[in-house]
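# Inside the fold
One letter stands for each residue in the lines below.
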Amino acid sequence: MLVIGAGGGVGTFAVQLATASGATVTGVCSTSKVDLVRSIGAHDVIDYTREDIADRPCRYDVVIDTGGDRSVGQLRAALTSTGTIVIVGGEGGGQVLGLSRQLQAIALSPFVRQRLGVVFSSPRRTDLELLAVMLADGRVVPVVDRRFTLDEVPEAIRHLRAGRARGKVVIVV
Ligand SMILES: NC(=O)c1ccc[n+]([C@@H]2O[C@H](COP(=O)([O-])OP(=O)(O)OC[C@H]3O[C@@H](n4cnc5c(N)ncnc54)[C@H](OP(=O)(O)O)[C@@H]3O)[C@@H](O)[C@H]2O)c1
């Protein structure tokens, strides 16, 4: 599995959930997050500021994209012929509310052997119960970058938007 944006809020959970499920995970992140991504269990890390994912000969069964602006074509090129792409974030993905990659993936998926999809989080009790067990037994450890007070929310948003957050930022109420 390839997790793009592996050092971010979603990515740090994706890496841990995947490795806990037995997947072999390669994380993609910038230089400052390489050690973090390794520390949460990624078997391999691609520092995208030095190396492109296309430079690697290997193909992944699953690509989870939580960051960046790679086209659906670029993502598909990293995938096995019957693999699955899950696009989580949209902001870097072009026009139409930043959703152009998502719309393209949904439209293309029925016509290709690969599965191209998007995810919108919808908390389910059974999923949350499993997550609680994994948190309790330490298989998943939330990566918390910084804590902010309610008054500091604008600063927290600026911190997130600058891409500096390592894992999650927490607002203490
Ligand atoms: N669909 C849903 O239900 C759902 C739920 C939650 C979040 N989201 C969306 O998912 C996305 C990720 O959320 P998040 O909380 O994880 O954000 P985040 O913490 O900012 O993580 C995004 C990560 O992408 C990395 N990144 C930026 N450019 C990249 C590139 N070119 N290649 C590889 N990595 C790159 C950033 O760090 P580095 O560049 O330093 O590596 C950052 O760690 C956001 O768009 C958010 O809105 C969707």
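Residues numbered from 1 in each chain as written. Predicted model: local features only at pLDDT ≥ 70, side-chain atom pairs only at ≥ 80, totals over all residues. Heavy atoms only, no water.

By the naming in an unreviewed UniProt entry, the protein chain goes by Zn-dependent oxidoreductase, NADPH:quinone reductase and is assigned to Blastococcus saxobsidens.

## What to know about the overall build of the protein chain
This is how it is decided: Note on conventions: DSSP H or I runs of at least 4 residues are helices, E runs of at least 2 residues are strands, and numbering of each starts at the N terminus. With C-alpha atoms as the basis for the radius of gyration, the globule rule is written as 2.2 Å multiplied by the number of residues raised to the power 0.38. Only protein chains enter the accessibility calculation, which uses a 1.4 Å probe. A residue is then buried if its area is under 20% of the maximum for its type, exposed if over 50%, and partly exposed in between. Whether two residues are in contact is decided by their heavy atoms: any pair within 4.5 Å suffices. Every accessible area reported is derived by Shrake-Rupley at a probe size of 1.4 Å, with residue values counting cover from the shown protein chains alone.
Looking only at helices and strands, one finds 6 helices and 8 strands in the protein chain. The helix and strand sequence of the protein chain, counted from the amino end, reads β-α-β-α-β-β-α-β-α-β-α-β-α-β. Relative to the 2.2 N^0.38 estimate, which gives 16 Å for 173 residues, the radius of gyration of the protein chain is 16 Å and therefore close to what a compact globule would have. The principal-axis extent of the C-alpha atoms belonging to the protein chain is close to 50 × 35 × 35 Å. When the 173 residues of the protein chain are sorted by exposure, 38% land in the buried category. For the protein chain, the share of sequence-separated contacts (at least 6 apart) that also reach a separation of at least 24 residues comes to 46%. Taken as a whole, the protein chain presents about 10000 Å² of accessible surface, with 56% of it coming from carbon and sulfur.

## Here we look at the packing of aromatic side chains
Cut-off, in case you're wondering: Stacked, tilted and edge-to-face are the three classes assigned to paired rings of Phe, Tyr and Trp, where Trp is represented by its six-membered ring and a pair needs centres within 6.5 Å; plane angles under 30 degrees give stacked, over 60 edge-to-face, the rest tilted. By the criterion adopted, a ring carries a charge over it if an Arg CZ or a Lys NZ lies within 6 Å of its centre and within 35 degrees of its normal.
For the coordinates displayed, the defined rule picks out 0 aromatic pairs. Its end group placed over the ring of Y48, R70 keeps NZ or CZ at 5.7 Å from the ring centre.

## Observations concerning the pattern of salt bridges
Opposite charge on two side chains allows them to pair when their charged atoms are near. Which entries qualify depends on this criterion: By convention in these notes, a salt bridge is any Lys or Arg side-chain nitrogen within 4 Å of a carboxyl oxygen on Asp or Glu.
The tally for this structure, following the rule as stated, stands at 8 salt bridges. Among the ionic pairs, D65 bridges to R101, the shortest N-O distance being 2.6 Å. Here D65, found in strand β4 (residues 60–65), pairs with R101, found in helix α4 (residues 100–108); they are 36 residues apart in sequence, far enough to count as distant. For the pair D65 and R101, one class covers both residues: buried. Counted as one network, the salt bridges with shared partners bring together D44, E51 and R56.

## Some remarks on the pairing of strand β3 (residues 44–47)
Let me state the cut-off plainly: Only strands joined by at least two bridges in the DSSP assignment are considered to pair.
Across 4 bridges, strand β2 (residues 26–29) lies against β3 in parallel orientation. Each residue of the ladder has a partner; that of T26, found in β3, is D44.

## Considerations on the side chain of H159
Relative to the assigned elements, H159 resides in helix α6 (residues 153–161). The exposure class of H159 is buried, given its relative accessible area of 7%. Once you skip the residues sitting within four places of it in the chain, H159 turns out to touch D145, R146, F148, R164, A165 and V169.

## So, the environment of L75
Assignment of secondary structure puts L75 in helix α3 (residues 72–77). Classification of L75 by relative accessible area gives buried; the value is 1%. The spacing of L75 and V169 is 94 residues in sequence and 28 Å in space, taken between C-alpha atoms.

## Regarding helix α5 (residues 125–136)
The condition that has to hold: To estimate the expected span of a helix, count its residues, drop one, and scale the result by 1.5 Å.
Here α5 is 12 residues long and its end C-alpha atoms lie 16 Å apart, about the 16 Å a rise of 1.5 Å per residue gives. Within two residues after α5, G138 carries a phi angle of roughly 85 degrees, on the positive side.

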